[in-house]
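So the chains spell out like this:
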Amino acid sequence: VRGAAPSVARRVVPAMPVRPPTLSIDAAPAHETWVLPVFRWLGLWLVVCAGLLVALHSVLRDAHYWDAGGCYVHEARLHLQNGIDLNKIRQQLPWYLLRPPFYTGLLSLFMRVFGTSPIFTHVFHILFCALLPVASSGIVKGMGGDRRAQVLAVLLCVSTSIYIAQITIVQTDLPAATLV
């Protein structure tokens, strides 16, 4: 604007250059960003499951100890009979024998599909508890650990004596740790 005071003059802002989209390894489509981590997680879980089942195959046919047989497995069988009606299950069990319905409910679904023999309940428990080393790997990754630290976390978890001792017993100590 001619003749106008400098403070009133219109300022021209240069246009921002538009960059064309580029293809790179880092720029994955949105639907592919979750696929690789899911397959890594699933692969790690399958490796841990296979290792635990091979290492613990000798105890899969063992009878359940009193707490597992009298509480967890018994409650899962009640879930098979009564479905999700917790009131009927509570009527058939004393209050001190009631266990978390999430774990016993999943165990009953597994028993419905595969059978009620001790081998299948032990296998379910091992498959469920195999999530704990995978979860520990995810925690290490979330804290900024590299691949070596994640592998170390998995190895330390599965080699801990309390983990090996508890994984052969059908109870909710390890599954609860997995869910935390």
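Residues numbered from 1 in each chain as written. Predicted model: local features only at pLDDT ≥ 70, side-chain atom pairs only at ≥ 80, totals over all residues. Heavy atoms only, no water.

Some points on the pattern of salt bridges
Under the defined criterion, the tally for this structure stands at one salt bridge. Its salt-bridge partner being D146, residue R148 comes within 3.4 Å of it at the nearest N-O pair. For R148, a relative accessible area of 68% gives the class exposed. Look at D146 and you get partly exposed, because its relative accessible area is 37%. (Salt bridge = Lys/Arg side-chain N within 4 Å of Asp/Glu carboxyl O. Buried < 20%, exposed > 50% of the residue type's maximum accessible area, 1.4 Å probe, protein only.)

Quick notes on the layout of surface pockets
By volume, the largest pocket amounts to about 400 Å³. Looking at the lining of the largest pocket, the elements with two or more residues in it are α1 (35-55), α6 (131-142) and α7 (147-159). With seven residues, α1 is the single largest residue contributor to the lining of the largest pocket. Classifying every residue of the lining of the largest pocket by side-chain character gives 11 nonpolar, three polar and three charged. (1 Å grid on protein atoms, 1.4 Å probe; cavity = no way out; pocket = protein on both sides within 12 Å on 5 of 7 lines; lining within 4 Å. Points joined across faces, edges and corners; volume = space filled by probe spheres on them. Helix = DSSP H or I, 4+ residues; strand = E, 2+ residues; numbered from the N terminus. Nonpolar A, V, L, I, M, F, W, Y, C, P; charged D, E, K, R; others polar.)

Any functional reading would require information that these geometric values do not contain.
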